[in-house]
Amino acid sequence: MDSLKILEQDAGTEIRVYLVSGRLDESTFPLFKEKVLDVSHANNTVLNLSDLKYVSSSGIRAIFELKNRLTGEGKKLLLTEAGEKVIQIFNLLGLWKPFAHFEKEEDAIAACLKN
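The residue numbers shown here count from 1 along each chain, following its written sequence. Residues qualify for local features only when their pLDDT is at least 70, as the model is predicted, and side-chain atom pairs are given and counted only at 80 or more; totals for whole chains, interfaces and linings, by contrast, use all residues. Hydrogens are left out, water is left out, and the side-chain values use all remaining heavy atoms of the structure.

**Overview of unusual backbone geometry**
Part 1 of the argument: You will see that Glu81, though not glycine, has its phi angle at about 60 degrees, which is positive.
Part 2 of the argument: Strands are runs of DSSP state E lasting at least two residues, helices are runs of H or I lasting at least four, and both sets are numbered from the N terminus onward. With respect to the element layout, Glu81 can be found in the loop between strand S4 (76-80) and helix H3 (84-92).

**Brief notes about the sheet that holds strand S2 (residues 15-24)**
Part 1 of the argument: Any two strands between which DSSP finds at least two bridges are classified as paired. If you trace the five strands from one edge of the open sheet to the other, you get S1-S2-S3-S4-S5, paired in mixed fashion. If you trace the sheet from one side to the other, it starts and ends with strand S1 (5-10) and strand S5 (100-102), each paired once. Pairs of neighbouring strands in the sheet enclose a mean axial angle of 25 degrees, with direction left out of account.
Part 2 of the argument: Pairing of strand S3 (residues 44-55) with S4 involves five bridges; the strand directions are parallel. Structural elements are reduced to axes, namely lines fitted to C-alpha atoms, with helices fitted over the stretch in contact, and the angle between N-to-C directions of any two is expressed from 0 to 180 degrees.

**Some thoughts on the UniProt feature "domain: STAS" (unreviewed entry) in the protein chain**
Part 1 of the argument: UniProt positions are given in the numbering used here, feature names are shortened, and annotations may be inferred rather than shown by experiment. Per the UniProt record, "domain: STAS" (unreviewed entry) is annotated on residues 15-112.
Part 2 of the argument: Structurally, residues 15-112 is divided into 43% helix and 31% strand, and its ends, taken at the C-alpha atoms, are 7 Å apart.

**Regarding the nonpolar core**
Part 1 of the argument: For the purposes of this section, nonpolar cores are sets of buried Ala, Val, Leu, Ile, Met, Phe, Trp, Tyr and Cys residues that join through side-chain atoms within 4.5 Å. Think of it in three bands: residues with accessible area under 20% of the maximum for their type are buried, residues over 50% are exposed, and the middle band is partly exposed, with areas taken using a 1.4 Å probe on protein chains only. If you look at the biggest cluster of nonpolar residues, it comprises 24 residues, and the most contacted ones within it are Phe32, Leu47, Ile63, Leu79 and Phe90.
Part 2 of the argument: Counting residues per element, this core draws most heavily on helix H2 (residues 57-72), at five residues.
Part 3 of the argument: Val46, Leu78, Ile109 and Cys112 belong to the second largest nonpolar core, which has eight residues in total.

**Notes on the environment of Arg16**
Part 1 of the argument: Summarising the element assignment, Arg16 is placed in strand S2.
Part 2 of the argument: Residues Arg16 and Ile89 lie 73 residues apart in sequence; the distance between their C-alpha atoms is 25 Å.
Part 3 of the argument: Two residues form a contact once any of their heavy atoms are found within 4.5 Å. Look past the residues within four positions of Arg16 in its chain and what remains in contact with it is Glu8, Gln9, Asp10, Ala42, Asn44, Thr45 and Val46.
Part 4 of the argument: The term polar contact refers here to a pair of N or O atoms within 3.5 Å; inside protein, the definition further demands a hydrogen-donor-capable atom paired with an acceptor-capable atom, and it admits residues adjacent in sequence only when both atoms are side-chain atoms. In this structure the side chain of Arg16 is engaged in a polar contact, spanning 2.8 Å, whose partner is the side chain of Asp10.

Structure follows, in C-alpha cells:
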C-alpha cells in the first residue's frame, strides 16, 4: 500500500505548491489535513497530483473542503498534472469541472502570476 507523501515549496511570493503522491483516502486523510488543510495559505495554492496514484471519495472531499475554504478567504486552488485514473474518479463523482486544472505545473503557476 502506498502511503501519502506531501512535499511543499514556494513558487513565488503568493504561490505555494504541494506535490501530493501516493494515496489520498480515509487512512491518509489525517496527514493531508495536518500538512495542507489546516495550515494558512498563500493567495494561490497549487496541488500537483502527478504522483497521486489513488484518491477516494473522502480524499476528493478533502480537496473540495480545501477549495471551499480558500474560496471563502478570497484565495485560489489550482490542480495540476492529475493522472487519468484520478480524473476519472473526480468525473465519476461529477466534481472535476468546479476546479481550475492545468496539464502542467508551470501553466498553473503562470495563471497565478497573471492575476
